[in-house]
Amino acid sequence: MLNINSISRGIVIDHIQPGKGYEIFKFLELDKADYTVALIMNASSKKFGTKDMIKIENVLDMDLSILGLLDDSLTVNIIENEKIKEKVNIRLPEIVEDILRCSNPRCITSTERNIVHKFSLVNREKKLYKCDYCDHLYHLEDHNNDH
Ligand SMILES: [Zn+2]
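Residues numbered from 1 in each chain as written. Predicted model: local features only at pLDDT ≥ 70, side-chain atom pairs only at ≥ 80, totals over all residues.

1. Notes on the sheet that holds strand E1 (residues 9-16)
As a reminder of what qualifies: Strands qualify as paired when DSSP identifies two bridges or more between them. Helix and strand labels come from DSSP, where a helix needs a run of H or I of at least four residues and a strand needs a run of E of at least two; each type is numbered from the N terminus. Interaxial angles span 0 to 180 degrees and are taken between N-to-C directions of axes, which are lines fitted to C-alpha atoms, for helices over the stretch in contact.
With antiparallel pairing, the five strands of this open sheet are ordered in space as E2-E3-E1-E4-E5. Looking at strand neighbours, the two that pair on one side only are strand E2 (37-45) and strand E5 (83-88), the edges of this open sheet. Neighbour-to-neighbour, the strand axes of the sheet open up by a mean angle of 25°, direction not taken into account.

Written as structure tokens, this is what we have:
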């Protein structure tokens with residue numbers, strides 16, 4: 001397996017579903033990073049067979065729990081002095097702005113430009129969101145179902 005030096009301070013996103021790593025990498029705009037980042041694809045995993053991983057040698061100023069929208073099986077570890085200092089609890093956010101897109105063609109977000117797409121969580125267990133403008137439902141699993 002590819003040997004990546006352990007990082008002294010930063011973030012390790014682990015247990016990403018195989019194939020999702022690149023999507024998350026781009027979502028975090030790591031392709032534009034000026035610090036050390038590594039995307040590891042198809043690493044072997046006891047739990048899943050294979051997994052993707054991302055290592056970031058930097059502290060990102062953002063709410064990483066939002067990554068649960070893209071893949072709720074992943075784990076986020078904050079590293080300090082080469083040890084795990086904190087595990088970020090991945091929870092679906094109550095309010096999501098400008099990440100999910102409403103698919104209702106009659107929704108104001110479809111007909112007008114420059115409107116922030118806004119969704120509210122209606123059922124955490126079922127991973128169900130609804131559009132704040134038209135009440136159209138958005139089922140995360142339908143968009144994230146390659147388990
Ligand atoms: Zn809508």
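2. Some points on the pairing of strand E3 (residues 49-56)
Counted only if it meets this: We call a residue exposed when 12 or fewer other C-beta atoms sit within 10 Å of its C-beta, buried when the count reaches 20 or more, and partly exposed for counts in between; the C-beta positions come from the backbone.
In terms of burial, E3 is a largely internal element, six of the eight residues being buried. Pairing analysis gives four bridges linking E1 to E3, with the strands arranged antiparallel. Paired with Ile11 across the two strands is Ile56, which belongs to E3. Direction of pairing for E2 relative to E3: antiparallel, over a ladder of seven bridges. Residue pairing for E3: Ser44 is matched across the bridge by Thr50. Here E2 folds back onto E3, and the loop between the two strands holds three residues.

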